[in-house]
Amino acid sequence: MKTKVWLLILLLQACCGISAGYALDSDSDGYDDSVDAFPFDASEWLDFDGDNIGDNTDLDDDADGLADLVDPAPLVPRDVRYVFDAGWLTTCAQDDNGVHCFGDTPNGLDTPPSFSHLRQLAVGLSHACGLDDNGVSCWGNASGDRLAVPTLTNPRKITARKNFTCALADEGVLCWGSNASGQLDVPSLSNPKDVSAGFEHACAVDDTGVVCWGSNSNNQLNPLAMTYPREVLASGNYSCAIHDNGIRCWGDTRLLSHPADGSLDWHGLAGGNRNACVMEDGNVSCWGTDVNGSVSEKPNQRAMAVSLGFQHGCLLNMTSELVCWGRSAEGQTDTSSLWYDTDGDGVANGQDDLWLDPADSVDTDKDGIGDSVDTDDDGDGFPDVDDPYPLDVRYPAYAPLAVHAGSYSGEQFGRAVSGTGDVNGDGVPDYIVAAPYYPASQGRVAVFSGADHTPLYNYQSNTPGDYFGFSVSGGGDINGDGYPDFIVGANSDQTNG
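Conventions used here
Residues numbered from 1 in each chain as written. Predicted model: local features only at pLDDT ≥ 70, side-chain atom pairs only at ≥ 80, totals over all residues. Heavy atoms only, no water. Helix = DSSP H or I, 4+ residues; strand = E, 2+ residues; numbered from the N terminus. Contact = heavy atoms within 4.5 Å. Pairing = 2+ DSSP bridges. Axes fitted to C-alpha atoms, helices over the stretch in contact; angles between N-to-C directions. Disulfide = S-S within 2.5 Å. Buried < 20%, exposed > 50% of the residue type's maximum accessible area, 1.4 Å probe, protein only. Phe/Tyr/Trp six-rings, centres within 6.5 Å; stacked < 30°, edge-to-face > 60°. Lys NZ or Arg CZ within 6 Å of the ring centre and 35° of its normal.

Caption draft 1: Structural view of the overall build of the chain. When helices and strands are counted, the chain shows 1 helix and 27 strands. In the chain, once contacts between residues fewer than 6 apart in sequence are set aside, the share between residues at least 24 apart is 38%.

Structure, rendered in structure tokens:
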């Protein structure tokens, strides 16, 4: 059918003068194929970051590491994502001061080189590699050619697990380091799109599906049937992949109870020795064997990325700070030395309410407007200029005129209050406050000046149990002397009140 369409176009061009710029919209989505990044997918036409995931599906359209859901400018790339990788017993992470490796760091693993616009880290057992503008650089244990990076043109991904590393570049998939189980013997791949290095095996996604090579001790080289796999994971003695119908894992049977199918948003597969994690909309789900809390101790935080080591894991949370959990015997979960201040205002991201705004770091009412600009910092509905407590929503907008406290424990001062009118004739209405349980439930009342709030009159009962002041009220000018009077109730005076 497609051939007939193009023949028709050519005939029309030849006989009828139709321009070669004829608009073709193969998927009938309203966008010409010439501008449609997905000419055969009616649900998508834009791919802002060029990752082959349409913007309607992509969770991070500008690929800046900040999920669209929390990105105030989802089509403006920002350098807000810090690179990290959880290695076997080591973690390497980038912060504002460079790259740091902590945990088990033999053979100089704790002295990484400097990088220019670091894009990725891949950490093995005793070596690590980084991908930046200059390509791939490796450091640490040099034995077994682990640091012997081959020629790579436009490398796009690096991955390491134990004693070898693989990269995806224009040349395809290339691996170097230990070849004890044939993990460097990359088979012929057709247009590879993803690669992952495991314990002693590796897997890739190409036009034919998932292809694995190396050790097959647990059948980890035998992928299950899948529909359009797009991401692959090779880790301990197992492999997993994300495809159109969910997640599939094979090899180590402890990894087969993966999250239920049904989500099209699964991404960010990460693997440990006997556990794995995957992301969906910033939420991280983990499964497998829970050794040293590698599954159960995962923090309940949304994440931009997640990585797993032997029995520990790390995630970069939504304020671009690294949080790690699980095995800590070698110090691989201790992130206390890392400093994250993305906006450079001197306040660490975790304490900065507006961590992408260098002009402000405090947002008291969490409305996204910094206190230096917000006209109602505590969000209580009253402008700061009129609010004596502009940073505390618990208090009313206006300060109390006066505060009176009781003088006897349990007297319940303030149990009854009332306005009395202007009892002292100064032109300002006054008020009465009662304490009916003062002391031994005798009761007392105090009349205060409305002008300066000082006591005008004090009355009390001398009979225990009177509850004098159980109720009070202004009474108006009862005796006609020109001054308002007030009424005090004593509901138990002389038994009947």
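Caption draft 2: The sheet that holds strand β11 (residues 201-206), seen in detail. On the basis of which strands lie adjacent, the open sheet formed by 3 strands has the order β10-β11-β12 and antiparallel pairing. The sheet is open, and its two borders are formed by β10 (194-197) and β12 (209-214), each paired with just one other strand. Averaged over all pairs of adjacent strands, the angle between their axes in this sheet comes to 15°, without regard to strand direction. Note that β11 and β12 share 6 bridges and pair antiparallel. Along β12, the bridge assignment pairs Ala-204 with Val-211.

Caption draft 3: Local environment of the state of the cysteines. All chains considered together, the criterion is met by 7 disulfides. Across a sulfur-sulfur distance of 2.0 Å, Cys-277 and Cys-286 are joined as a disulfide pair. Of note, the bridge from Cys-277 to Cys-286 carries an S-S torsion of about 100° and is right-handed in sense. Just as Cys-277 is buried, Cys-286 falls in that class too. Covalent S-S linkage joins Cys-314 and Cys-324, the inter-sulfur distance amounting to 2.1 Å. Here the disulfide of Cys-314 and Cys-324 is right-handed, its torsion about the S-S bond being about 105°. Placement of the pair is Cys-314 in strand β20 (residues 312-317) and Cys-324 in strand β21 (residues 322-326), with a sequence separation of 10 residues.

Caption draft 4: Unusual backbone geometry, seen in detail. With a phi angle near 55°, Asp-281 is a residue other than glycine that sits in the positive phi range. Note that Asp-281 resides in the loop between β17 (275-280) and β18 (283-288). Its identity as a non-glycine residue notwithstanding, Asn-292 has a phi of 55°, on the positive side. Considering the arrangement of structural elements, one finds Asn-292 in the loop between β18 and β19 (303-308). The exposure class assigned to Asn-292 is partly exposed, which follows from its relative accessible area of 40%.

Caption draft 5: Representation of the environment of Ala-348 in the model. Residue position: Ala-348 is located in the loop between β21 and β22 (416-421). On the basis of relative accessible area, Ala-348 is assigned to the buried category, the value being 11%. Sequence separation of Ala-348 and Thr-319 is 29 residues, and the distance between their C-alpha atoms is 9.7 Å. Non-local contacts of Ala-348, meaning those with residues more than four positions away in its chain, are made with Trp-339 and Tyr-340.

Caption draft 6: Representation of the packing of aromatic side chains in the model. Counting across every chain of the model gives 11 aromatic pairs. One aromatic cluster is present, built from ring pairs that chain together Trp-88, Phe-199 and Phe-310. The ring centre of Tyr-438 lies 5.2 Å from the NZ or CZ of Arg-444, which sits over that ring.

Caption draft 7: Structural view of the pairing of strand β23 (residues 430-435). In terms of burial, β23 is largely enclosed, as 6 of its 6 residues are buried. Bridge count between β22 and β23: 5 bridges; the pairing is antiparallel. Bridge pairing links Gly-421 to Asp-430 in β23. Looking at chain direction, β23 and strand β24 (residues 444-448) are connected through 5 bridges and run antiparallel. Paired with Tyr-431 across the two strands is Phe-448, which belongs to β24.

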